[in-house]
Amino acid sequence: MKIDNELVIRHVAGEILLIPTGRAALNSPGIITLTESGARLVQKLREGCEAADLVDCLMAEYEVSREQAEQDVAKFLGKLEERGLL
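Q: Hey, could you go over the nonpolar core for me, with residue numbers and the actual values?
A: Formed by 22 residues in total, the largest nonpolar core has its most connected members in Leu 18, Leu 34, Val 42, Leu 45, Leu 54, Phe 76 and Leu 80. For this core, the elements supplying multiple residues, two or more each, are strand S1 (7-12), strand S2 (15-20), strand S3 (32-34), helix H2 (36-47), helix H3 (51-61) and helix H4 (66-82). Among the elements that make up this core, the one with the highest residue count is H4 (five residues). The contact partners of Leu 18, leaving out residues within four places of it in the chain, are Leu 7, Val 8, Ile 9, Ile 31, Ile 32, Leu 34, Val 42 and Leu 80.

Q: Tell me about the pairing of S2, and please be specific about residues and values.
A: In regular strands, side chains alternate between the two faces of the sheet. For S1 and S2, the ladder comprises six bridges, and the chain directions are antiparallel. Among the inter-strand pairings, Ile 9 is bridged to a residue of S2, identified as Leu 18. As consecutive antiparallel partners, S1 and S2 are separated by two residues, and within that stretch Ala 13 has a phi angle of approximately 50 degrees, a positive value. By the bridge criterion, three bridges tie S2 to S3 in an arrangement that is antiparallel. Within S3, the residue paired with Leu 17 across the bridge is Thr 33.

Q: Before we move on, can you summarise the sheet that holds S3 with the specific residues and values?
A: Strand order in the open sheet made by the three strands is S1-S2-S3, with antiparallel pairing throughout. With one partner strand each, in any of the chains shown, S1 and S3 form the two edges of the open sheet. Taken pair by pair, the neighbouring strands of this sheet meet at an average axis angle of 35 degrees, ignoring direction.

Q: So, the state of the cysteines: which residues are in play, and what are the values?
A: Taken as a whole and assessed by the stated rule, the structure comprises zero disulfides. Between Cys 49, a free cysteine, and Cys 57, which holds the nearest cysteine sulfur, the sulfur-to-sulfur gap is 8.1 Å. A relative accessible area of 7% means that Cys 57 is categorised as buried.

Conventions and cut-offs
- Residues numbered from 1 in each chain as written.
- Predicted model: local features only at pLDDT ≥ 70, side-chain atom pairs only at ≥ 80, totals over all residues.
- Heavy atoms only, no water.
- Core = buried A, V, L, I, M, F, W, Y, C linked by side-chain atoms within 4.5 Å.
- Buried < 20%, exposed > 50% of the residue type's maximum accessible area, 1.4 Å probe, protein only.
- Helix = DSSP H or I, 4+ residues; strand = E, 2+ residues; numbered from the N terminus.
- Contact = heavy atoms within 4.5 Å.
- Pairing = 2+ DSSP bridges.
- Axes fitted to C-alpha atoms, helices over the stretch in contact; angles between N-to-C directions.
- Disulfide = S-S within 2.5 Å.

Have a look at this one:
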């Protein structure tokens, strides 16, 4: 799976923002605030990967169980899908 390439990540005033541009802005108007882990997942999605790769990424970078990482990834991907960004 891959994230829409018209999404831009910007660091503004200590916040990490995911900003839809172009066609993505039509599907998902508004800016999304990301956590550090959310920004990392977006970077992985830009490369193209599967949900299992995202789970492995979270487990490698943070002290989190597989179960928690799977739940977090499912929730994150669900929110992106709701906005039409995947």
